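What the coordinates show
If you want the building blocks of each chain, they are given just below.
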Amino acid sequence: ERWLNANVPYYVNFSRVAIHWLAGDHDQWYAFTIDPEWKEENSLNKDTYELRERCLAHIREKLGDRPDLLSKCVPTYPPLSKRFVLDNGWYDALKRDNVRLETDAIDHIEADGIVTANGTKIEVDAIIFATGYLPNAFLQPMDIRGRQGITPAEIWKKDGARAYWGVTVPGLPNFFMIYGPGTNGKISGPVPWGEMQTRYALNCFKALIEKDKRFLTVRRDAYDAFNARLDDELTRTIWMDPRQRSYYQNEFGRSATNSPWKVSQLWNAWRAPDLGDYELG
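Residues numbered from 1 in each chain as written. Predicted model: local features only at pLDDT ≥ 70, side-chain atom pairs only at ≥ 80, totals over all residues. Heavy atoms only, no water.

Summing up its helical and strand segments, the chain has 9 helices and 5 strands in all. In sequence order, the secondary structure elements of the chain are arranged as α-α-α-α-α-β-β-β-α-α-β-α-α-β. Dimensions of the chain, computed from the C-alpha atoms along their principal axes, are close to 70 × 50 × 45 Å. A total of 281 residues make up the chain; the buried ones form 38% of that total. A sequence separation of at least 24 residues applies to 63% of the contacts in the chain between residues at least 6 apart. On the chain, roughly 17,300 Å² of surface is accessible, and the fraction owed to carbon and sulfur atoms is 55%. (Helix = DSSP H or I, 4+ residues; strand = E, 2+ residues; numbered from the N terminus. Buried < 20%, exposed > 50% of the residue type's maximum accessible area, 1.4 Å probe, protein only. Contact = heavy atoms within 4.5 Å. Areas by Shrake-Rupley, 256 points an atom, 1.4 Å probe, with all protein chains shown as cover.)

The structure is reproduced here in structure tokens:
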């Protein structure tokens, strides 16, 4: 593979196309879309039902002899409605004599232990506090100010971070985000999205140069119309499934991170800016 990349012209391009084709619009995007006619429990469509059955088969293979663990480890939400994790020996570890799985909510932490919501205290020597990152805190901790000193936090105070096609925000001229709010589509990933958004920003600057203008900012009406469409489309996606809580939904109950778009829709949107949705000056 390394030799081909180094010696065969455009082989790396072919490899990337092949990788994205395997997870492209022609196949897997349907799994993230709610089928209103689908009635099977804890799934949203045929794809998530089949995926759930495969996952359950693995969990039962690992924990079938431990019904106490099995009941705690089978989710009640559809697969893909949260980020997937792969079993790297976790189920086997749960069965060790020195391991106990507690699934009750944590009420508070004391000096020598954890107190659960039902009042049980679990004494501990150390706590590994692994909550990850803050995916809905876009642009933090940067202090960015646009026209009249407006900040993204002020623009987003109503219901969290938003952007026009994940890239621009009204009131912030010549400001572009890579992997901004609503960038995550149903398929593909941050690397190609970032490349497409970079091309979008460069084409905006190209337009400024060609038109001899100094700034460009998305119009508020275009921004609002786009986000109304975004919210409507998101209601039919797995990100908004009410049976799960994850970073897919922010504190306002909407998704600031994900979008309902296919790769082809994002590619077409980011290929060139629609200057009619922008103010130039």
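Read on for the rest.
With that settled, the discussion passes to helix H7 (residues 190-210). A rise of 1.5 Å per residue sets the reference length of H7, with its 21 residues, at 30 Å; its end C-alpha atoms lie 30 Å apart and thus fit the reference within 8%. Considering only its buried residues, H7 is in contact with helix H2 (11-22), strand E4 (216-218), helix H9 (263-271) and strand E5 (278-280). Residue Asp212 follows H7 closely and has a positive phi angle near 55°. (Expected span 1.5 Å × (residues − 1).)

As a further point, take the side chain of Asn227. Locating Asn227 in the fold gives a position in helix H8 (residues 220-234). Judged by its relative accessible area of 4%, Asn227 is buried. Only 2.9 Å separates the side chain of Asn227 from the backbone oxygen of Tyr223, close enough to count as a polar contact. When residues no more than four places from it in sequence are discounted, the contact partners of Asn227 are Arg162 and Ala163. (Polar contact = N/O pair within 3.5 Å; in protein donor to acceptor, adjacent residues only side chain to side chain.)

Let's shift gears to the environment of Val99. Note that Val99 resides in the loop between helix H5 (90-94) and strand E1 (106-110). Taking relative accessible area as the criterion, Val99 reaches 31% and is therefore assigned partly exposed. When neighbours within four sequence positions are excluded, Val99 is seen to be in contact with Ala93 and Leu94.

Let's shift gears to the pattern of salt bridges. A full pass over the atoms with the stated rule returns 20 salt bridges. For the salt bridge of Asp68 with Arg66, the shortest nitrogen-to-oxygen distance reads 2.9 Å. Asp68 gets classed as partly exposed once you look at its relative accessible area, which sits at 39%. Salt-bridge contacts for Arg147 lead to Glu279; the nearest nitrogen and oxygen are separated by 3.4 Å. Here Arg147 is found in the loop between strand E3 (121-123) and helix H6 (152-155), whereas its partner Glu279 is found in strand E5, with 132 residues between them in sequence. Here the salt bridges share partners, and the residues they tie into one network are Asp159, Arg162, Asp231 and Arg254. (Salt bridge = Lys/Arg side-chain N within 4 Å of Asp/Glu carboxyl O.)

Okay, the packing of H7 against H9 next. Close contact between H7 and H9 brings their axes to 8 Å; oriented N to C, the two are set at 25°. If you check the angle between H7 and H9, you find them roughly parallel. Contact residues: Trp193, Met196, Gln197, Arg199, Tyr200 and Asn203 in H7; Leu266, Trp267, Ala269, Trp270 and Arg271 in H9. Among the residues forming the contact of H7 with H9, the class breakdown is 7 nonpolar, 2 polar and 2 charged. (Axes fitted to C-alpha atoms, helices over the stretch in contact; angles between N-to-C directions. Parallel < 35°, antiparallel > 145°, perpendicular 65-115°, else oblique. Nonpolar A, V, L, I, M, F, W, Y, C, P; charged D, E, K, R; others polar.)

Between its terminal C-alpha atoms H8 stretches 21 Å, which fits the 21 Å expected from 15 residues at 1.5 Å a residue. Here H8 has its buried residues at Ala222, Tyr223, Phe226, Asn227, Leu230 and Leu234. Angular distribution of buried residues about the axis of H8 spans 125°; they occupy a single face of the element. Buried residues belonging to H8 abut H6 and E4. (Arc of directions from axis to C-beta.)

Turning to empty space enclosed by the protein, a few remarks are in order. Counting across every chain of the model gives 1 cavity of 30 Å³ or more. Taken as a whole, the largest cavity holds about 30 Å³ of empty space. Together, Ala161, Arg162, Ala163, Pro181, Gly182, Phe226, Asn227, Leu230, Arg254, Ser255 and Ala256 line the largest cavity. Looking at side-chain class alone, the lining of the largest cavity contains 6 nonpolar, 3 polar and 2 charged residues. (1 Å grid on protein atoms, 1.4 Å probe; cavity = no way out; pocket = protein on both sides within 12 Å on 5 of 7 lines; lining within 4 Å. Points joined across faces, edges and corners; volume = space filled by probe spheres on them.)

Right, let's get into the state of the cysteines. Tallying each qualifying case throughout the model produces 0 disulfides. Among the cysteines around Cys73, which has no disulfide bond, Cys55 carries the closest sulfur, lying 13 Å off. (Disulfide = S-S within 2.5 Å.)

Moving on, we get to the side chain of Gln249. Examined against the element boundaries, Gln249 turns out to sit in the loop between H8 and H9. Given a relative accessible area of 11%, Gln249 falls into the buried group. Polar contacts involving the side chain of Gln249 include one to the main-chain carbonyl oxygen of Trp239, which spans 3.2 Å. Aside from chain neighbours lying at most four places away, what touches Gln249 is Asn136, Trp239, Met240, Asp241, Gln244, Arg254 and Ser255.

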